[in-house]
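Coordinate inspection notes
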Amino acid sequence: MTAVIELKNVTKSYKGNLLFDAVDLTVPQGRIVGIVGPNGSGKSVLFKMMCGFVFPDHGEVYVEEKQIGKEQRFPEGVGIIIDRPGYIANKTGFENLKELAQIQNQIDEEAIRKTMLILGLNPDNSQKVKNYSLGMKQKLAIAQAIMENQHILILDEAFNALDHDSVESLRELLLAFREEGKTIVMTSHNQEDIDYLCEDVYRINRGKLEKIV
Ligand SMILES: Nc1ncnc2c1ncn2[C@@H]1O[C@H](COP(=O)(O)OP(=O)(O)OP(=O)(O)O)[C@@H](O)[C@H]1O
């Protein structure tokens, strides 16, 4: 069992609010791991630490055996949904994804089109993102996370605002990713998503990560 993400002895607090107290976590390769906990319990902060967006006060975070912030500023090969990406409001969905793809310069327009179609977004839609519905914006966020075929996905509330059919197809997509050996860490306020997808589930409870499944 290869550990893809590891937290070792991680402590994190904001202004006296202790979110994580000497926490360890191992995310094995090829699994879907769920993190649950009430609003404000620290799910997003946990994910941000995995991505190098924030750092623990103590302890270490490793992604594929490289310490984030030390051996590597940001982890490589990770697709991320945390908060809503800052889209360019006056551009279309396709144009936005194209701009983002230029950062890594790993995929061509065809790959972007394909990803949009998988998620039920029309790449030829001339609507600007500022006029997108909530669900369409969410699909665009998912598209940017997966379009580069990243082998690790960190998905904070990926199912937000999706309609019933879109939830079903995203679930199947994530299961297919797992079959390909991708590793996924996710959270959802819908327990059904967690039950359906996650083999390991941890609950944030009083600064600790309690394994509940
Ligand atoms: N940059 C920051 N500065 C100060 N406090 C912060 C910062 N980021 C997060 N927090 C606090 O940390 C706590 C955990 O926030 P976080 O967003 O991780 O919760 P969450 O479990 O994802 O909540 P939700 O279910 O509502 O999305 C909250 O009390 C939040 O106010």
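Residues numbered from 1 in each chain as written. Predicted model: local features only at pLDDT ≥ 70, side-chain atom pairs only at ≥ 80, totals over all residues. Heavy atoms only, no water.

1. Quick notes on the nonpolar core
Worth spelling out the cut-off: Nine residue types can take part in a nonpolar core, namely buried Ala, Val, Leu, Ile, Met, Phe, Trp, Tyr and Cys, and a core is a set of them joined through side-chain atoms within 4.5 Å. Exposure classes here rest on a 1.4 Å probe applied to the protein chains alone. A residue is buried below 20% of its type maximum, exposed above 50%, and partly exposed in between. Numbering of helices and strands runs from the N terminus, with a helix taken as a DSSP run of H or I at least four residues long and a strand as a DSSP run of E at least two residues long. For each domain, the first and last residues come from an automatic or database assignment. Residue contacts follow a heavy-atom distance rule, with two residues in contact if any of their heavy atoms lie within 4.5 Å.
By size, the foremost hydrophobic cluster in this structure holds 37 residues, and its most contacted members are Leu155, Leu174 and Met186. Contributions of two or more residues to this core are made by β3 (32–36), α2 (93–104), α3 (109–118), α4 (134–146), β7 (152–156), α5 (164–179), β8 (183–187) and α6 (191–197). Residues from two domains meet in this core; each of domain 1 (1–77 + 151–213) and domain 2 (87–148) gives at least three. Setting aside its immediate chain neighbours within four residues, Leu174 contacts Ile32, Leu153, Leu155, Phe159, Ile184 and Leu197.

2. Details of the site of the ligand
Keep this limit in mind: Neighbouring residues are identified by heavy atoms, a residue being near a molecule or strand if any of them is within 4 Å of it. Polar contacts here mean pairs of N or O atoms no more than 3.5 Å apart (in protein, one a potential hydrogen donor and the other a potential acceptor; neighbouring residues in sequence count only if both atoms are side-chain atoms). Here the open area of atoms and residues is found with the Shrake-Rupley method and a 1.4 Å probe, where only the protein chains shown may cover a residue.
In the vicinity of the ligand, the residues found are Tyr14, Asn17, Leu19, Pro38, Asn39, Gly40, Ser41, Gly42, Lys43, Ser44, Val45 and His189. Between the ligand and Asn39 there is a distance of 3.0 Å, counted from an oxygen atom to a side-chain nitrogen or oxygen. Gly42 places a main-chain nitrogen or oxygen 2.9 Å from an oxygen atom of the ligand. Contact with the protein chains hides 61% of the accessible area of the ligand, taken as 640 Å² for the molecule alone. Per-element tally for the shell around the ligand: the top contributor is helix α1 (residues 43–51), with three residues.

3. Side note on the pattern of salt bridges
Where we set the bar: Salt bridge, as used here: a side-chain nitrogen of Lys or Arg that lies within 4 Å of a carboxyl oxygen of Asp or Glu.
Inspection of the entire model under this criterion finds twelve salt bridges. The partner of Asp57 in a salt bridge is Lys12, and the shortest N-O contact between them spans 3.7 Å. You can see Asp57 sitting in the loop between α1 and β4 (58–63) and its partner Lys12 sitting in strand β1 (residues 3–14), a full 45 residues away along the chain. For Asp57, a relative accessible area of 38% corresponds to the partly exposed category. On the basis of relative accessibility, which here comes to 7%, the residue Lys12 falls in the buried class. When the shortest N-O distance is used, the salt bridge between Glu179 and Arg178 registers 3.9 Å. Connected through shared salt-bridge partners, Arg31, Asp200 and Lys211 make up one network.

4. Considering the domain arrangement of the protein chain
How we decide: Here the quantity called buried area is the total loss of accessible area, with a 1.4 Å probe, experienced by two parts when brought into contact, counted for both. In this classification, Asp, Glu, Lys and Arg are treated as charged, Ala, Val, Leu, Ile, Met, Phe, Trp, Tyr, Cys and Pro as nonpolar, and every other residue, Gly included, as polar.
Looking at the protein chain, the domain boundaries give domain 1 (1–77 + 151–213) and domain 2 (87–148). Between the C-alpha centres of domain 1 and domain 2 the distance comes to 24 Å. Contact residues are listed per partner, giving 13 residues for domain 1 and nine residues for domain 2. Roughly 720 Å² is buried in total at the junction of domain 1 and domain 2, and carbon and sulfur atoms are behind 75% of that figure. Summed over the three residues of domain 1 that lose the most area to domain 2, namely Ala161, Leu162 and Leu173, the buried surface amounts to 42% of that side. At the junction of domain 1 with domain 2, the criterion picks out zero salt bridges. In this assembly, domain 1 and domain 2 are joined by three residue pairs in polar contact (both at pLDDT 80 or more). Those elements giving two or more residues to the side of domain 1 that touches domain 2 turn out to be β7 and α5. Of the residues forming the side of domain 1 that touches domain 2, the biggest block, four residues, is contributed by α5. Its residues placed into classes, the side of domain 1 that touches domain 2 shows nine nonpolar, two polar and two charged.

5. Quick notes on the packing of aromatic side chains
Our working rule: Only centres within 6.5 Å qualify two rings of Phe, Tyr or Trp (six-membered ring in Trp) as a pair; their planes then separate them into stacked at under 30 degrees, edge-to-face at over 60, and tilted for everything else. Working rule: Lys NZ or Arg CZ, within 6 Å of ring centre, within 35 degrees of ring normal, means a charge sits over the ring.
By the definition in use, this model includes one aromatic pair. Relative to Phe74, the ring of Phe53 has its centre 6.1 Å away and its plane inclined at 70°; by these criteria the two rings are edge-to-face. You can see Phe53 sitting in the loop between α1 and β4 and its partner Phe74 sitting in the loop between β5 (66–67) and β6 (78–81), a full 21 residues away along the chain. According to the relative accessible area criterion, Phe53 is partly exposed, its value standing at 42%. In this arrangement the basic side chain of Arg73 is found over the ring face of Phe74, its NZ or CZ atom lying 4.3 Å from the centre. The ring of Tyr196 carries the charged tip of Arg171 above its face, separated from the ring centre by 5.1 Å.

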